[in-house]
Amino acid sequence: MLSLRRVNLLCLLGLVVILCTLTAQGYSRDEASMYQFALRLYEDGQYELAAKQLEQLMEQYPSGRFMPDAVFLAGSAQENLGKFKEASRFFQQYVTEFPDGARLCEAMVLLGTDQQRMGHYADAEGTFKRVVEQKRCDKQFEEATAKLAELFFVQGRFGDAIA
C-alpha cells in the first residue's frame, strides 16, 4: 500500500506536470483566474471590485491574452459606476490598442456615448462617424446613427440631425 507521503508526492508531481503543460501552451493560470474572478464580480454587479481586479490584471499581464477583454470590461465597470471619464479612458485604450478587436465597434459606441455625456461633442461626433463609416460595425450602425442624430439635436443642429 502507498504511504501518505508517496501519495502527496505523486499529487505534487501531477500538479507540476499540469502547470508546465499549461505554461508551455502560453496559458497562465493566474491570469485566467484573475480574469474569471473579475468577470464574476462584474456579473454580480460588484463593479468597483471588478474594476480594481481588472486593473491589477492589466498591470501584471500587459501583454496577456485576456488584455483586450480586461480593458473593455474595465471600461464597462466604470461606465456602470457612472465614472464616464475613467470609462472613456478604457474604451479609448481598447480602440487604440486593439483595432482588430472583437468588441471594437461596441467600444467605439460606448466611447462616443461617454464623450457626449462629458460634453465633448466634437469628439463624440467624430467617434460616432467612425462607427457609421466602419463596414464591420453593421450591428452598431443604427445605434451610432441614432446617437449622432441625438448629438446634433442637443446642439441645435437640426439640419444635420435629419440628414
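Just above, that's the structure.
Okay, so let's go over this structure.

Scoring rules and cut-offs
- Residues numbered from 1 in each chain as written.
- Predicted model: local features only at pLDDT ≥ 70, side-chain atom pairs only at ≥ 80, totals over all residues.
- Heavy atoms only, no water.
- Helix = DSSP H or I, 4+ residues; strand = E, 2+ residues; numbered from the N terminus.
- Buried < 20%, exposed > 50% of the residue type's maximum accessible area, 1.4 Å probe, protein only.
- Lys, Arg positive; Asp, Glu negative; His and termini not counted.
- Salt bridge = Lys/Arg side-chain N within 4 Å of Asp/Glu carboxyl O.
- Polar contact = N/O pair within 3.5 Å; in protein donor to acceptor, adjacent residues only side chain to side chain.
- Disulfide = S-S within 2.5 Å.

**Quick look at the side chain of K147**
Logical step 1: By the element assignment, K147 lies in helix α8 (residues 141-154).
Logical step 2: Summary of buried charges: K147 has no salt-bridge partner, and the nearest side chain of opposite charge, E143, is 4.5 Å away.
Logical step 3: Only 3.4 Å separates the side chain of K147 from the side chain of T113, close enough to count as a polar contact.

**Observations regarding the environment of Q78**
Logical step 1: Structurally, Q78 can be placed in helix α4 (residues 67-80).
Logical step 2: Placed 11 residues apart in sequence, Q78 and R89 show a C-alpha to C-alpha distance of 9.7 Å.

**A word on the state of the cysteines**
Logical step 1: Taken as a whole and assessed by the stated rule, the structure comprises one disulfide.
Logical step 2: Residue C105 pairs covalently with C137 via a disulfide, S to S 1.9 Å. Residues C105 and C137 share a disulfide whose torsion about the S-S bond is about -80 degrees; that sign makes it left-handed. Highlighted residues: C105 in helix α6 (residues 104-117) and C137 in the loop between α7 (121-133) and α8, separated in sequence by 32 residues.
Logical step 3: On the accessibility criterion, C105 (6% relative accessible area) is buried.
Logical step 4: The class for C137 is buried, based on a relative accessible area of 0%.

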